[in-house]
Each structure stands twice: as C-alpha cells, then as structure tokens.
Amino acid sequence: MSTPHTPAAAPTPGHALKHLAVHLLTPLLMCLGMALAYQGAFHQPEPHHLKVAVVGTTAQADGLAQTIRARAGEALDVRTLPDRATAERQLRDRDLVGAFVPDAKSPELIVAKGNSDTSVVAATAVFSTVTDRQGVPLHVTDLTPLASGDPTGQGLFFLLVALSIGSYASVAVIGAAGAGLSMRLRALVGVAVSLVVSVIGIVTAGPVFHVVEHDLAAVWALGWLYSAGIVLVGIGLHSFLRRWTTLTLMVLFVMLNFTSSGGIYRPELQNGFFGGLHGFWNGAGFMEGVRSLLYFDGGAGFGGHLVTLVVWLLLGGAAMVAAALYEGRGRRPVETAAEAEEEMGEAAAAAV
C-alpha cells in the first residue's frame, strides 16, 4: 500500500518577500559600490603634483618655471633641466610627464604618451596657456608613439577589463560547480582557466585589434600572472564567503582595481585614495608593467610592477592554503544545486 504524497506548503508572502530582499542585497550593493568607486575616482580629474619641466639654463627659463610654479601651487611639480637630453632621459624613465623647451618662434613640448595620454593632455594644456600668451603655436613631440590600434593609449585598459572579468567570473563557476573537487584540483583548474583567459586576451589585443604590436609573449605572460592571481585569491576566499564571493571580488578587482589602475587617469590626476592604491594594487601592476614593456623598453620601473603581480599571486596561494586548512577541519562548504546555479547567475550578471 503506497503512502500518499503530501505537497509542501507554499511559502507565505512574508517569507517570500524576505527571501527576495536578501537576494536583492547583492545587486544593490554592487550598484552602490560601482557608483561610489567610479564617480569617486573619475568625476573630477585634476592635476596633483603633475611632474613637468622647463628646459634651459637661461634666466628666462628659470623665471618661467618660477612663474608656473607660483600660479599652479600643488597642481604641478615644476623643475628646470639643463638640456634636452636630460629631459628626454627623464621622460623615458617615466619620471616626467612633459618638458617644455622655450623658444620665441617655435616653442616645443616633449612628452611620452606611452606613460599616459590623459596626463600628457593635462601637461599640454599647461604649456599651451604659455604659448597662447606669446601668440605662437605649441609644437608637441612624442617620444613613444602608441600602437596603431590604440591611438589613445587606453586599449590596454580594456585588455585589463577583459582579463579581470574573465578571471573573477570563473571563480564562481569553479567554487560552485567544482565544490566537490579537492582544493588541489580546484587550484589546477584555476591555473588552467587563467591560462585560457590570458590567451584570449593576448589574441584579441594583438593580432585582432593591434593594441599590442610587439613583445606579445611577454605581455601574455603578464596577463597570465595577473589572471592567475585573481583566480587563486577568489578560489581561496570562496571557501569562507560562498555566495558573497562575487561581490567581494567585484570590490577587489573592479571597484578598487579599475579605478586605481592608471588605465584612464594616473595618480597625478586622481585623489589621494585611488592614487595611493595605484602603488600596490594588481591592476596597476599589470597596466604599468605592460606600458613599461611596450613603450619604455622594459625599463621605467618594470621590475617593481612585476613584483606587484607576483605578490598578488602569492596572496592567492596563501588564501588557498588557508581555505584547504579550513576545509580540512570539516568545514568544507556543500552547496545545493540551487545555490550553485544562483551563485553562477550572480557572477554572470556581474560580468555583464
């Protein structure tokens, strides 16, 4: 004799609304975080200690530098340099944004757009004011012509965006769908996924859109290092945060990362908070490392940016070790199919 099946009671409207409110919290926090981060970082770019120079040893050059310094205050860091060769060396070392060579008929501004096109625009505006008073045009000489597919220098920033989204969106899938795997296997999957992400990035940035025209292997390696750091950090955090992992990774690798990377505005055009993050955040390590590699012959601080990416990779490794120990104490998260599907849906929505 079969036992009759009793259907489960439908949830009350109050319970259903509470369940809905809890799940709406994540997208609303994403909205708030993105609004605060992007508008806080980009809404009013102004120079802060923008490094420029006046070239020359004459009293006229020294007087011009002093006048600009007095009028600009903390907006500009103005120095005088003895000759053009010194100015070009400091520009190639990324210690300078623009160097002005005074001349009554043909004044010149020497720049390196590979450092940051928006910073060059700011420096050009400063010295255009000077030449406008003279009634002569300003001639701009660029020491680092940009790639044919990246005339504004911001194509590398969009490569950073693609690598970041591919990396952190993969974490939710690995954490949810791969929850039954050991931490070691999840780590191997994460490294493999970051390899695929980096290959997609370099193929699209290189042969497809010509944002990267040389040193493709080196840029790919930096992309893999950057992506692997994000993926390993994410897999490690997932054991502790579960469904809050996607929001946390968005804070770390979108809200704080894109805004401090220097891809749109470098620190000299940002407030102190985002300018400070630029010194050690992984997105800045990737952006500035690739710039130094492509436009400054692998100099201009490249080693320091590489160290930044390695440190983030090590942080990812440490997070995974901590997660393995946590799970080894019997706290390994077991997600239902519904929870896994929901988490992957949040990651897909966040990526969009």
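Structure shown above.
Position numbers for residues start from 1 in each chain and track the written sequence from start to end. Thresholds applied to this predicted model are a pLDDT of at least 70 for local features of residues and 80 or more for the giving and counting of side-chain atom pairs; totals over whole chains, interfaces and linings are not thresholded and use all residues. Computation of side-chain values: all heavy atoms of the structure, hydrogens and water removed.

Draft legend 1. Just the pairing of strand S5 (residues 139–142), in detail. DSSP calls a pair of strands paired once it identifies at least 2 bridges connecting them. Per the convention used, a helix needs a DSSP run of H or I reaching at least four residues, while a strand needs a run of E reaching at least two, with both numbered from the N terminus. Of the pairings in the sheet, the one linking strand S4 (residues 108–111) to S5 comprises four bridges and is parallel in character. The residue bridging Val111 from the neighbouring strand is Asp142, located in S5. You can see the chain leave S4, run along helix H4 (residues 117–134) and come back into S5, and the turn it takes is right-handed. Orient the strands so they point away from the viewer; a crossover is then right-handed if the path from the first strand over the helix to the second runs clockwise.

Draft legend 2. Inspection of the pattern of salt bridges at higher detail. What makes a salt bridge here is a side-chain nitrogen of Lys or Arg within 4 Å of a carboxyl oxygen of Asp or Glu, nothing more. Following the criterion strictly, the structure yields seven salt bridges and no others. The salt bridge partner of Glu88 is Arg84, with a shortest N-O separation of 3.0 Å. Here Glu88 and its partner Arg84 are both found in helix H3 (residues 84–92), four residues apart, which amounts to about one turn of the helix. In this scheme, a residue with accessible area under 20% of its type's maximum is buried, one over 50% is exposed, and one in between is partly exposed, where area comes from a 1.4 Å probe on protein chains only. Exposure remark for Arg84: the relative accessible area of 35% places this residue in the partly exposed category.

Draft legend 3. Layout of the sheet that holds strand S2 (residues 76–81). The five strands lie next to each other as S2-S1-S3-S4-S5, forming an open sheet whose pairing is mixed. Among the strands making up the open sheet, the edge pair consists of S2 and S5. Here the strands of the sheet are splayed against their neighbours by 25 degrees on average, with no regard to which way each runs. Should any heavy atoms of two residues lie within 4.5 Å, those residues are counted as being in contact. Here, axes are lines fitted to C-alpha atoms. For helices the fit covers the stretch in contact, and angles between N-to-C directions go from 0 to 180 degrees. In the packing of helix H2 (residues 59–72) onto the sheet, contacts are made with strand S1 (50–55), S2 and strand S3 (98–101), and the angle to S2 comes to roughly 175 degrees.

Draft legend 4. Quick peek at the side chain of Arg291. Tracing the sequence through the fold places Arg291 in helix H11 (residues 282–295). Here a polar contact is recorded for every N or O atom pair within 3.5 Å, except that within protein the pair must consist of a potential hydrogen donor and a potential acceptor, and residues adjacent in sequence are included only if both atoms are side-chain atoms. Here the side chain of Arg291 touches Asn115 through a polar contact of 3.4 Å, landing on its backbone oxygen. Excluding residues that lie within four positions of it along the chain, Arg291 makes contacts with Arg94, Gly114, Asn115, Ser116, Gly153, Leu156, Gly262, Gly263, Arg266 and Phe296.

Draft legend 5. Quick peek at empty space enclosed by the protein. Lining residues are defined by having an atom within 4 Å of a point belonging to a cavity or pocket. Those points lie on a 1 Å grid over the protein atoms alone, cavities being sets where a 1.4 Å probe fits but cannot get out and pockets being open sets with protein on both sides within 12 Å along at least five of seven lines. Grid points are joined across faces, edges and corners, and a volume is the space filled by probe spheres set on the points. According to the stated counting rule, one finds two cavities of 30 Å³ or more in the structure shown. For the largest cavity, the calculated volume is near 60 Å³. In this structure, the largest cavity is lined by 14 residues; those nearest its centre are Ser116, Asp117, Thr152, Gly153 and Arg291. Looking at the lining of the largest cavity, the elements with two or more residues in it are H4 and H11. Each residue gets one of three labels, nonpolar for Ala, Val, Leu, Ile, Met, Phe, Trp, Tyr, Cys and Pro, charged for Asp, Glu, Lys and Arg, and polar for the others, Gly among them. Here the residues of the lining of the largest cavity are counted per class, giving four nonpolar, seven polar and three charged. Empty space within the second largest cavity amounts to approximately 40 Å³.

Draft legend 6. Geometry of the side chain of Gln90. Residue position: Gln90 is located in helix H3. When sequence neighbours within four positions are dropped, the list of residues in contact with Gln90 reads Arg79, Leu81, Asp95 and Leu96.

So, to be careful, I would describe these as geometric facts and stop short of saying anything about function.
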